[in-house]
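Letter by letter, the chains look like this.
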Amino acid sequence: MKRKNNVAAMGILMLNMFISQLGFGLIIPVLPAYMQSLGASGLALGGLVSAMGITQFLFSPAAGQFSDRYGRKAAIVLGLTVFAIAQGIFCIAHTVTWLFVSRLINGIGISLVNPAVTAYVADITSEAERPGGMGKLSAAMLLGIVIGPGIGGLLADYGLRIPFYAAGGAAILAMVASLVLLREPEHKRTKAAEVRETKTAAGMVTLMLNSFKAPYFSLLFFVYVLTFGLAIVEAIFGLYVNVKYGFTPKDISLLITGGALAGVVVQYAIIDKLLQRFGEISLIRRCLLSASLFLLLMVFSGCFWQMFVVNLFFFSSIATLRPAIHSRLSKLAGQQQGLVFGLNDAYTSLGLITGPILAGILFDIQIDLPLLCGVVIILCGLFLSNTLYLETES
């Protein structure tokens with residue numbers, strides 16, 4: 001019975017992660033036109049994209065702590081409710097100021113949902129099952145990212161605001177399903193008192209400073225460095241292949257969709273076997289090495305199909321990294337699963353905020369510099385994995 005309940009819970013958690021990313025992806029195709037309809041500038045559009053990452057960074061540690069103290073289910077339901085409210089504000093907004101308010105609130109919702117969902121998976125899985133659970137969760141996230149823009153583009157034919165209504169409606173459905181069907185993990189209930197004793201009312205700054213002394217800090221810093229390097233690449237990829245190779249929007253869409261689907265297959269179908277064969281640290285090293293190699297090959301790919309194949313391997317390498325890192329984090333987190341995955345989201349958000357800024361600066365200097373810088377930073381991650389190995393083994 002317990003295993004059956006866990007399987008059902010896993011399905012709901014995957015749905016939550018899928019919808020949170022689907023809701024974000026829905027707005028991507030229509031956001032520029034939506035902003036133009038309000039007379040907003042390109043600078044405002046860039047700020048709007050980064051706004052969600054800022055609040056996600058600020059609130060993720062405290063949100064993870066909230067799920068440790070009050071329960072995974074409470075954090076998930078509250079986060080999805082906040083997410084739906086943010087989408088509603090975006091629907092009715094008639095000024096750029098209210099669009100920014102919506103995106104800032106959206107970041108708070110995501111900061112509540114993601115750590116709680118990830119920690120829930122850690123609660124209901126054994127160490128042997130955990131990599132597979134994390135892989136399925138990452139696959140659901142990636143699938144939402146892949147499908148969202150396509151659905152958003154189709155819905156936009158019926159009106160620019162329709163995708164935002166759809167995103168809010170999907171979040172409400174996920175919230176109701178979580179409220180009615182999701183049960184608080186037994187592991188969380190039995191450890192609740194112990195967890196409360198380990199928590200304080202520390203703010204985000206204190207939590208981040210305290211993380212420097214935690215046994216999992218090298219992993220968190222590793223997450224930041226990796227995200228920073230990847231954000232440099234992802235932020236500029238579409239513009240890069242358009243300017244350098246003349247790829248059309250359709251070509252770019254096929255590249256991103258094909259690569260993301262390859263990542264979904266890896267995370268859902270074979271991540272368990274890879275981790276069992278190589279182990280977490282060894283697999284992380286191999287993926288970093290292959291990711292840096294295929295990213296370098298992107299600079300020298302001369303045609304669409306060469307880029308398509310290289311992109312498939314690059315996305316697959318990156319997709320394999322995330323479950324391996326999350327699995328290692330969960331083992332070091334002990335009874336602080338929510339807090340640790342909240343910090344993980346904060347370090348990820350920090351990389352997503354700072355990476356694109358550097359990407360734009362480098363692109364203006366020389367078109368290949370963002371990708372080459374990404375290669376260097378990923379290789380730095382490979383060096384950091386040696387320190388990670390020594391720390392975790394000791």
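Scroll up to find the structure this text is about.
The present account deals with the structure reproduced in this document. (Residues numbered from 1 in each chain as written. Predicted model: local features only at pLDDT ≥ 70, side-chain atom pairs only at ≥ 80, totals over all residues. Heavy atoms only, no water.)

## Some remarks on the packing of helix H4 (residues 72–92) against helix H7 (residues 162–181)
Working step 1: Orientation of H4 relative to H7, taken along the N-to-C sense of each, is 160°, at an axis distance of 8 Å. The orientation of H4 with respect to H7, classified from their angle, is roughly antiparallel. In this structure, H4 crosses over H7, and the sense of that crossing is left-handed. Contacts between H4 and H7 involve Lys73, Ile76, Val77, Leu80, Thr81, Phe83, Ala84, Gln87, Phe90 and Cys91 from the first element and Phe164, Tyr165, Ala167, Gly168, Ala171, Ile172, Ala174, Met175, Ser178 and Leu179 from the second.
Working step 2: A per-class count over the contact of H4 with H7 returns 15 nonpolar, 4 polar and 1 charged. (Axes fitted to C-alpha atoms, helices over the stretch in contact; angles between N-to-C directions. Helix = DSSP H or I, 4+ residues; strand = E, 2+ residues; numbered from the N terminus. Parallel < 35°, antiparallel > 145°, perpendicular 65-115°, else oblique. Left-handed = near helix turned anticlockwise from the far one by under 90°. Contact = heavy atoms within 4.5 Å. Nonpolar A, V, L, I, M, F, W, Y, C, P; charged D, E, K, R; others polar.)

## Description of the packing of H4 against helix H5 (residues 96–124)
Working step 1: Running from N to C, H4 and H5 point in directions that differ by 155°, and their axes come no closer than 7 Å. As summarised for this structure, H4 and H5 are arranged roughly antiparallel, according to the angle between their axes. The handedness of the crossing between H4 and H5 is left-handed.
Working step 2: Looking at the contact of H4 with H5 residue by residue, the class counts come to 20 nonpolar, 5 polar and 3 charged.

## What to know about the pattern of salt bridges
Side chains bearing opposite charge may pair, as long as their charged atoms lie close to each other.
Working step 1: Per the stated rule, a full pass over the model turns up 3 salt bridges.
Working step 2: Across the salt bridge formed by Arg72 and Asp68, the nearest N and O atoms sit 2.7 Å from each other. An identical accessibility class is assigned to Arg72 and Asp68; each is buried.
Working step 3: The salt bridge partner of Lys244 is Asp368, with a shortest N-O separation of 2.9 Å. One end of the pair, Lys244, is in helix H11 (residues 217–245); the other, Asp368, is in the loop between helix H15 (337–365) and helix H16 (369–393), and 124 residues separate them in sequence.
Working step 4: What makes Asp368 buried here is its relative accessible area of 14%.
Working step 5: What emerges from the salt-bridge pattern is a single network uniting Asp68, Arg72 and Asp123. (Salt bridge = Lys/Arg side-chain N within 4 Å of Asp/Glu carboxyl O. Buried < 20%, exposed > 50% of the residue type's maximum accessible area, 1.4 Å probe, protein only.)

This is a description of form; function is not addressed.
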